[in-house]
Amino acid sequence: MPWRDAQTIRAVAERLVKEHPHLDIGLVRGSVETAYEELRYARVRTYLPVLTERRAKDLLSSEEQGNTAPDARHVSDGTRSSPSR
């Protein structure tokens, strides 16, 4: 992992821990790491911190609402499945 990405993950995790003090620190860090893993191959790195934070917030929001759906915990491949008829 590049040094700057490690800094990004650390900074995002610290902000979210402060924002969600009622959540387990490991859960917050795990959400940030999952969000980073989904975005780490992005060509444009400029927005990686803000996109990582937004995705981690989405994951935490799902967790707070008790959503245990697989898509909230696993990396998406970027495709959508449509119901077959």
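The rules behind these values
Residues numbered from 1 in each chain as written. Predicted model: local features only at pLDDT ≥ 70, side-chain atom pairs only at ≥ 80, totals over all residues. Heavy atoms only, no water. Helix = DSSP H or I, 4+ residues; strand = E, 2+ residues; numbered from the N terminus. Expected span 1.5 Å × (residues − 1). Buried < 20%, exposed > 50% of the residue type's maximum accessible area, 1.4 Å probe, protein only. Arc of directions from axis to C-beta. Contact = heavy atoms within 4.5 Å. Polar contact = N/O pair within 3.5 Å; in protein donor to acceptor, adjacent residues only side chain to side chain. Axes fitted to C-alpha atoms, helices over the stretch in contact; angles between N-to-C directions. Parallel < 35°, antiparallel > 145°, perpendicular 65-115°, else oblique. Left-handed = near helix turned anticlockwise from the far one by under 90°. Nonpolar A, V, L, I, M, F, W, Y, C, P; charged D, E, K, R; others polar.

Colleague: Can you explain helix H1 (residues 3-19)? Please cite residues and give values.
Modeller: Over its 17 residues, H1 runs 25 Å from end to end, which matches the ideal 24 Å to within 8%, given 1.5 Å per residue. Looking only at H1, the buried set comprises Asp5, Thr8, Ile9, Val12, Ala13 and Leu16. One side of H1 holds all its buried residues, which, seen down the axis, span an arc of 125 degrees. Within H1, the exposed residues directed more than 90 degrees away from the buried face are Trp3, Arg4 and Lys18.

Colleague: Could you give an account of the environment of Asp5, naming the residues involved and the relevant values?
Modeller: Of note, Asp5 is situated in helix H1. Separated by 43 residues in sequence, Asp5 and Leu48 have C-alpha atoms that sit 8.4 Å apart. Setting aside chain neighbours within four positions, we find Asp5 in contact with Tyr36, Arg45 and Leu48. Side-chain polar atoms of Asp5 contact the side chain of Arg45, separated by 2.3 Å.

Colleague: Break down the packing of helix H2 (residues 25-39) against helix H3 (residues 48-64) for me, with residues and values.
Modeller: Interhelical geometry of H2 versus H3 gives an angle of 130 degrees and a closest axis separation of 8 Å. Considering the angle they form, H2 stands oblique to H3. Considering only the axes of H2 and H3, their crossing is right-handed. Facing Leu27, Val28, Ser31, Val32, Thr34, Ala35, Tyr36, Glu38 and Leu39 of H2, the residues of H3 in contact are Leu48, Leu51, Thr52, Arg55, Ala56, Leu59, Leu60 and Glu63. Class assignment for the residues of the contact of H2 with H3 results in eleven nonpolar, three polar and three charged.

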